[in-house]
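Chain and residue survey
What follows is the residue order along each chain.
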Amino acid sequence: MSRISRLPSPLLRAAACTGVAALALTACGSGSGSGTASTGSGSVKVGLITKTDTNPFFVKMKEGAEKAAKENGAQLSTAAGKFDGDNAGQVTAIENMVAAGVKGILITPSDSKAIVPAIQKARAKGVLVIALDTPTEPESAVDALFATDNLKAGQLIGEYAKAAMKGKTAKIAALDLAPGVSVGVQRHNGFLKGFGATEKDVVCAQDTGGDQAKGQTAMENCLQKAPGINVVYTINEPAALGAYTALKAKGREKDVLIVSVDGGCTGTQAVKDGKIAATSQQYPLKMAAEGVKAVVTFAKDGKKASGYTDTGVTLITDKAQDGVMSKDTAYGLENCWG
């Protein structure tokens, strides 16, 4: 670590870039990314590692971190996996950020369990590690978690779907994320809890990776397996739009209820357009901003963030249901991301 810290900055950037070939490091290259937010040698170094750098949710998270770093005089470096699930890439990013002398790392874990040993090594070297959006397993593997209450997010759309069905027997399709990913599990379980349903009520379940094309394929498969599906729960809005495309191709888009989670601008517009009935909106910019502030505070006075901080969730729909708190798409579009 001491050898790296004495390298001239162009060489340091080159070394960092070489060491993270599996990742996209925005601080690499002169003047790129948020590494230019603070150039003073005494500025607090903060690292942000997201699952990918293409998903609008993580793009907005990066924007929030960049803004907060600039406002707080911190130096931000960012990295992202090649794909959602790239644990090896995230491990490499942690190692390189620790070597570069970051005071804290903010991370959205691609694999909640597999990333834990790398996090433990970073914390053992005095680095504050905060999970954003996705908790680790166990949650105590990090110093703190700033995230949406994903169980609540799922529960809100479950309660909404139950009310919107108005007593009709539900035949549910669940378009999930991927096996073992905590965010997906929590949203799925929350939906069932809010609806008052069990796994027996799910007539078809498919993993989509949160991808629109895979969501469409999953919905096509479900319609073949269970043509009578009338409720579709989706892990996020890209999967929901994929489901809508498949349903429209069958002339079923108006008689199947689709609900989702995320609150991105494209997804919220889809709610306004009637393609999705409702979505639970979350706030990635706030997660990242609060995370950067926590690292700066730690660097200045040694006070560590701890426990879980709920960054909020709001049900967005233009077809409000009695007994279910919600806001309309005008509010959703004012507060969306992407």
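These numbers were taken from a predicted model, which means no experiment stands behind them. (Residues numbered from 1 in each chain as written. Predicted model: local features only at pLDDT ≥ 70, side-chain atom pairs only at ≥ 80, totals over all residues. Heavy atoms only, no water.)

Okay, the state of the cysteines next. The tally for this structure, following the rule as stated, stands at two disulfides. At a sulfur-sulfur separation of 2.2 Å, the disulfide partner of Cys204 is Cys222. Between Cys204 and Cys222 the disulfide shows an S-S torsion of about -75°. By sign, it is left-handed. Taken together, the residues span a long stretch of sequence, with Cys204 in strand β7 (residues 202-207) and Cys222 in helix α8 (residues 212-225) at a distance of 18 residues. For the pair formed by Cys204 and Cys222, the shared burial category is buried. Here Cys265 is linked by a disulfide to Cys336, with a sulfur-sulfur distance of 2.0 Å. With the S-S dihedral at roughly 90°, the linkage between Cys265 and Cys336 falls on the right-handed side. One end of the pair, Cys265, is in helix α10 (residues 265-272); the other, Cys336, is in the segment after α12 (329-334), with 71 residues separating them in the sequence. With relative accessibility at 16%, the residue Cys336 sits in the buried group. (Disulfide = S-S within 2.5 Å. Helix = DSSP H or I, 4+ residues; strand = E, 2+ residues; numbered from the N terminus. Buried < 20%, exposed > 50% of the residue type's maximum accessible area, 1.4 Å probe, protein only.)

Looking now at the pairing of strand β1 (residues 44-50). Counting buried residues along β1, six of its seven residues qualify, which places the element largely inside the surrounding structure. Note that β1 and strand β2 (residues 74-80) share seven bridges and pair parallel. By the bridge assignment, Lys45 is partnered in β2 with Gln75. Between the parallel elements β1 and β2, the chain passes through helix α3 (residues 56-71) in a crossover that is right-handed. Both β1 and strand β3 (residues 104-107) contribute to a ladder of four bridges, which runs parallel. Residue pairing across strands places Val46 opposite Gly104, the latter belonging to β3. (Pairing = 2+ DSSP bridges. Right-handed = clockwise from strand over helix to strand, strands pointing away.)

With that out of the way, let us pick up the packing of α3 against helix α11 (residues 284-301). The angle between the axes and the distance between the axes are what describe a pair of packed helices. Two numbers describe how α3 lies on α11: the axes approach to 7 Å, and their chain directions differ by 35°. Note on packing geometry: the crossing formed by α3 with α11 is right-handed. Within the contact between the two elements, α3 uses Phe57, Lys60, Met61, Gly64, Ala65, Ala68 and Ala69 and α11 uses Pro284, Leu285, Met287, Ala288, Ala289 and Val292. Taken together, the residues that form the contact of α3 with α11 break down as 11 nonpolar, one polar and one charged. (Axes fitted to C-alpha atoms, helices over the stretch in contact; angles between N-to-C directions. Left-handed = near helix turned anticlockwise from the far one by under 90°. Contact = heavy atoms within 4.5 Å. Nonpolar A, V, L, I, M, F, W, Y, C, P; charged D, E, K, R; others polar.)

Let us now look at the packing of aromatic side chains. One pass over the full model with this rule turns up four aromatic pairs. Taking 5.8 Å as the distance between ring centres and 40° as the angle between the ring planes, the aromatic pair formed by Phe191 and Phe195 counts as tilted. Of this pair, Phe191 and Phe195 both sit in helix α7 (residues 182-195), separated by four residues, roughly a single helical turn. Comparing Phe191 with Phe195 shows no difference in burial state: the two are buried. Aromatic pair Phe191 and Tyr233: ring centres 5.1 Å apart, planes at 25°, arrangement stacked. You can see Phe191 sitting in helix α7 and its partner Tyr233 sitting in strand β8 (residues 231-234), a full 42 residues away along the chain. Relative accessible area serves as the criterion here: at 1%, Tyr233 is assigned to the buried category. Through successive ring pairs, a cluster of aromatic residues spans Phe57, Phe58 and Trp337. It is Lys327 that lies over the ring of Tyr331; its NZ or CZ is 5.0 Å from the centre. (Phe/Tyr/Trp six-rings, centres within 6.5 Å; stacked < 30°, edge-to-face > 60°. Lys NZ or Arg CZ within 6 Å of the ring centre and 35° of its normal.)

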